[in-house]
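Next come the chains, spelled out residue by residue.
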Amino acid sequence: MQRGVSARLSRRGFLGGMAASAIVLAGCSGGAPEADSAAAGVPSGPRKRGGTFRFASASFNEATGADPELLGGGSSFPCYDQLVKWDANQRLQLELAEEFAPDPKDASTWTIRVRDGVEFHNGKTLGADDVMFTINRILDPKLGAAAAALLGAIDPAGLKKLDKRTVRLKLKYPNSQLPDGFTSFCGVVPVGFDPRNPVGTGAFRQESFIPHQQWAGTRNPHYWRPDSAPYLDRVELIGLSSPVAAVNAMLSGQVDAIDTVLISQLPRLKQRKDLVVVESQTGSVQFVSMNCRKGQLFEDPRVRRAFKLMLDRQQLVNTIYSGHGAIGNDVGVFPQWDSACDPSLPPPAQNLDQARALLREAGKEGMTVPLRVAELLPGMTETAQVLIEQAKKIGVTITLDQVRDNAQFYTGEYYKAQLQIDYASTMSMYGGAEYYWLSDAGYNAAGYADPEVDSLFKQGLAATGAGYDAPLRKVSRIIQDEGPWLVWGRQNVFSAFTRKFTGITAGAGGGSLNEYGLWNVSLA
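Residues numbered from 1 in each chain as written. Predicted model: local features only at pLDDT ≥ 70, side-chain atom pairs only at ≥ 80, totals over all residues. Heavy atoms only, no water.

S.K.: Lay out empty space enclosed by the protein with the relevant residues and their values.
M.R.: Over the atoms, a rolled probe matching the size of one water molecule traces out where space is still vacant. For the second largest cavity, the calculated volume is near 50 Å³. In terms of lining residues, the second largest cavity is bounded by Phe287, Ser289, Tyr414, Gln420, Asp422, Tyr436, Tyr443, Asn444, Ala445, Ala446, Pro484 and Trp485. Elements represented by at least two residues in the lining of the second largest cavity include exactly strand 12 (275–290) and strand 16 (419–424). Its residues assigned to classes, the lining of the second largest cavity shows eight nonpolar, three polar and one charged. (1 Å grid on protein atoms, 1.4 Å probe; cavity = no way out; pocket = protein on both sides within 12 Å on 5 of 7 lines; lining within 4 Å. Points joined across faces, edges and corners; volume = space filled by probe spheres on them. Helix = DSSP H or I, 4+ residues; strand = E, 2+ residues; numbered from the N terminus. Nonpolar A, V, L, I, M, F, W, Y, C, P; charged D, E, K, R; others polar.)

So this is what it looks like as structure tokens:
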């Protein structure tokens, strides 16, 4: 789930190696597609200050509160910053941290040093105490923070303030990928933070918030970024009932930007010369989760392999994404954005005869299985219908279990379904393992457990560079071959905005425009 991700549940990239001094994080290896610095046709020229930017963000529709550490919280609100953040090309960059580095000889000891002179909206200066408070808050099981699993290596008792801006972290075990865990749902908050009165260091201070309807923020005049950002006086995040409603609002001038545009709606937007449509190449996926628990239909890896072999992936990409994407690899992580995913993995090919044979061997010939689906993203129900037809070719009957209320999808039934469709934004091997594939992963809806995967992951965390990549590449091969997911394709994501504004780029993350910095948006 995302959650971002969204969110964006979790994402992507990796830290290629350790350094003894302050580091500029550049998580992805060479070969990743570069996001355009400016979308084609975007106005250019001197920046103008002022104005209100009204943004109908799909991720805002899920926001029930203003807590940046919670699913359904304020992680997408531009009133918060993080220690590190993915840029538009899925490279990990320092944000509030000016240093985020491991001990050169010990990946279980890390140092975080924050920028000097950064102020919270209440005038308090950001310091080491706030970093420690934020980390302890995320790790507190009472909070239920979304990133708790990704930061599970941190020992709360091992946090030590070295000076007013510097914290040393002592981990329970080595973790060379620790910064990756801080990229989602880790907004830095001050000591004593109260989500009912949110205070952050972000470009815009909260003015008002009506869940699912509107968040409004005004310009932070003391923002820490250079070049006089932010340029806008005000930002409004607006919740709308559906992607079609968002397009209608865009065309009628009620909003200035929308994201997650339905492909079917693109012609309506592209015919308007006052609008710009941006297509981002991403690793965002729909994935089908197969329940691997003891006694369940997909416990036998032969059954999982049969379902992988039944897929006509190109048909799904053509039908669901109208060709705006590429076939998937059943891992959900792609080497364009994370070299720890084996770049030599062949695209899984359809083989109906072998799929039928595997089902016979497993005693599951002619099986019937319910497919749980909600319209969490546009096209998910259509995906289910295509899967139903493809399954018939191997003698499998898939019945549709439609969840009408999206809010009910991630309930207790999430961990019981035999087969269900979920989604993730561009993701790393680290994020995939910590969220989904490890036997103790927090969102392991499939109940997948492989001691070799668990062992290889820990082995990788103790190493860096090629030493990290090698075991994680083996994990990617295991997940593709017999893992709990069907990832039939990855999709490109469309956004649109009015030419009155500039500073908006394509981005590989697959989330909403504000992932890439509303602080950088200005009147054209």
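S.K.: Explain the pattern of salt bridges to me, and be specific about the residues and the numbers.
M.R.: A full pass over the atoms with the stated rule returns 27 salt bridges. Asp106 is paired through a salt bridge with Lys170; the nearest N and O atoms lie 3.2 Å apart. Within this pair, whereas Asp106 is found in strand 5 (residues 106–114), its partner Lys170 is found in strand 7 (residues 166–170), the two being separated by 64 residues in sequence. With relative accessibility at 37%, the residue Lys170 sits in the partly exposed group. Between Lys392 and Glu389 there is a salt bridge, with the nearest N and O atoms lying 3.0 Å from each other. Of this pair, Lys392 and Glu389 both sit in helix 7 (residues 380–392), three residues apart, roughly one helical turn. Put simply, Glu98, Arg113, Asp116, Asp163 and Arg165 are held in one network by salt bridges that share partners. (Salt bridge = Lys/Arg side-chain N within 4 Å of Asp/Glu carboxyl O. Buried < 20%, exposed > 50% of the residue type's maximum accessible area, 1.4 Å probe, protein only.)

S.K.: Before we move on, can you summarise the state of the cysteines with the specific residues and values?
M.R.: Per the counting criterion, the structure on display carries zero disulfides. Free cysteine Cys292: the closest other cysteine sulfur is in Cys341, separated by 18 Å. (Disulfide = S-S within 2.5 Å.)

S.K.: Lay out the nonpolar core with the relevant residues and their values.
M.R.: Formed by 141 residues in total, the largest nonpolar core has its most connected members in Phe307 and Trp437. Ignoring any residue separated from it by four or fewer positions in sequence, one finds Phe307 in contact with Met290, Phe298, Met367, Val369, Val396, Ile398, Leu419 and Leu486. If you look at the next biggest cluster of nonpolar residues, it comprises 15 residues, including Ile238, Met250, Val255 and Ile258. (Core = buried A, V, L, I, M, F, W, Y, C linked by side-chain atoms within 4.5 Å. Contact = heavy atoms within 4.5 Å.)

S.K.: Let's hear about the environment of Leu376: which residues, and what values?
M.R.: When you line up the elements, Leu376 lands in the loop between strand 14 (368–373) and helix 7. Given a relative accessible area of 17%, Leu376 falls into the buried group. In this structure the C-alpha to C-alpha distance between Leu376 and Gln177, which are 199 residues apart in sequence, comes to 30 Å. The residues touching Leu376, leaving out its near neighbours within four places in the chain, are Asn406, Phe409, Tyr410, Ile421, Asp422 and Tyr423.

S.K.: Pulling in residues and values, what's your account of the packing of aromatic side chains?
M.R.: Applying the stated criterion across every chain, the model contains 23 aromatic pairs. On the basis of an interplanar angle of 70° and a centroid distance of 4.9 Å, the ring pair of Phe53 and Phe501 is categorised as edge-to-face. One end of the pair, Phe53, is in strand 1 (residues 52–56); the other, Phe501, is in strand 19 (residues 501–502), with 448 residues separating them in the sequence. For the pair shown, Phe53 and Phe501 are each scored as buried. For the ring pair Tyr410 and Tyr414, a centre distance of 5.0 Å and an interplane angle of 65° mean the geometry is edge-to-face. Taking the relative accessible area as the measure of exposure, Tyr414 reaches 2% and is therefore buried. An aromatic cluster is present here, built from Phe287, Tyr435, Tyr436, Trp437, Tyr443 and Trp485 joined pairwise through their rings. (Phe/Tyr/Trp six-rings, centres within 6.5 Å; stacked < 30°, edge-to-face > 60°.)

S.K.: Can you lay out the packing of helix 5 (residues 313–321) against helix 7 for me, pointing to particular residues and giving the numbers?
M.R.: Geometrically, a packed helix pair is captured by the angle between its two axes and the distance between the axes. Relative to each other, helix 5 and helix 7 sit at 150°, their axes nearing to 10 Å. Considering their axes alone, helix 5 and helix 7 lie roughly antiparallel with respect to each other. Between helix 5 and helix 7 lies a crossing of right-handed hand. Taken together, the residues of helix 7 that come into contact with helix 5 (itself represented by Gln315, Leu316, Thr319 and Ile320) are Glu382, Thr383, Val386, Leu387 and Gln390. (Axes fitted to C-alpha atoms, helices over the stretch in contact; angles between N-to-C directions. Parallel < 35°, antiparallel > 145°, perpendicular 65-115°, else oblique. Left-handed = near helix turned anticlockwise from the far one by under 90°.)

S.K.: Go over unusual backbone geometry with me, naming the residues and quoting the values.
M.R.: A positive phi is found at Thr260, a non-glycine position, where the angle reads about 50°. Topologically, Thr260 is positioned in the loop between strand 11 (257–258) and helix 3 (266–270). The class of Thr260 is partly exposed, set by a relative accessible area of 24%. Its identity as a non-glycine residue notwithstanding, Asp330 has a phi of 65°, on the positive side. Here Asp330 is to be found in the loop between strand 13 (325–327) and helix 6 (352–361). Classification of Asp330 by relative accessible area gives buried; the value is 0%.

S.K.: Which residues make up the packing of helix 4 (residues 301–310) against helix 10 (residues 465–482), and what values go with them?
M.R.: Contact geometry for helix 4 and helix 10: axes closest at 7 Å, N-to-C directions at 85°. Looking at the two axes, helix 4 sits roughly perpendicular to helix 10. Note on element contacts: helix 10 touches helix 4 through Ile479, Gln480, Asp481 and Glu482, opposite Pro301, Arg304, Arg305 and Lys308. For the contact of helix 4 with helix 10, the class distribution of residues is two nonpolar, one polar and five charged.

S.K.: I'd like a rundown of helix 9 (residues 451–461), residues and numbers included.
M.R.: Here helix 9 has its buried residues at Val453, Leu456, Phe457, Gly460 and Leu461. Buried residues in helix 9, looked at end-on, bunch into an arc of 135°, giving them a common side. Buried residues belonging to helix 9 abut helix 8 (429–437) and helix 10. The N-cap of helix 9, judged by a side-chain oxygen 2.8 Å from the amide nitrogen of Glu452 a few residues on, is Asp450. (Arc of directions from axis to C-beta. Polar contact = N/O pair within 3.5 Å; in protein donor to acceptor, adjacent residues only side chain to side chain.)

S.K.: Pulling in residues and values, what's your account of the sheet that holds strand 5?
M.R.: In any sheet, the strands associate via hydrogen bonds between backbone groups, in a parallel or an antiparallel arrangement. Ordered by their spatial adjacency, four strands build an open sheet running 4-5-7-6, and the pairing between neighbours is antiparallel. Across the chains shown, the open sheet's two edge strands, defined by having one partner strand only, are strand 4 (97–103) and strand 6 (160–163). Going from strand to strand, the sheet's axes swing by 25° on average, the running direction of each strand aside. Relative to strand 7, strand 6 runs antiparallel, the two sharing three bridges. Among the inter-strand pairings, Asp163 is bridged to a residue of strand 7, identified as Thr166. (Pairing = 2+ DSSP bridges.)

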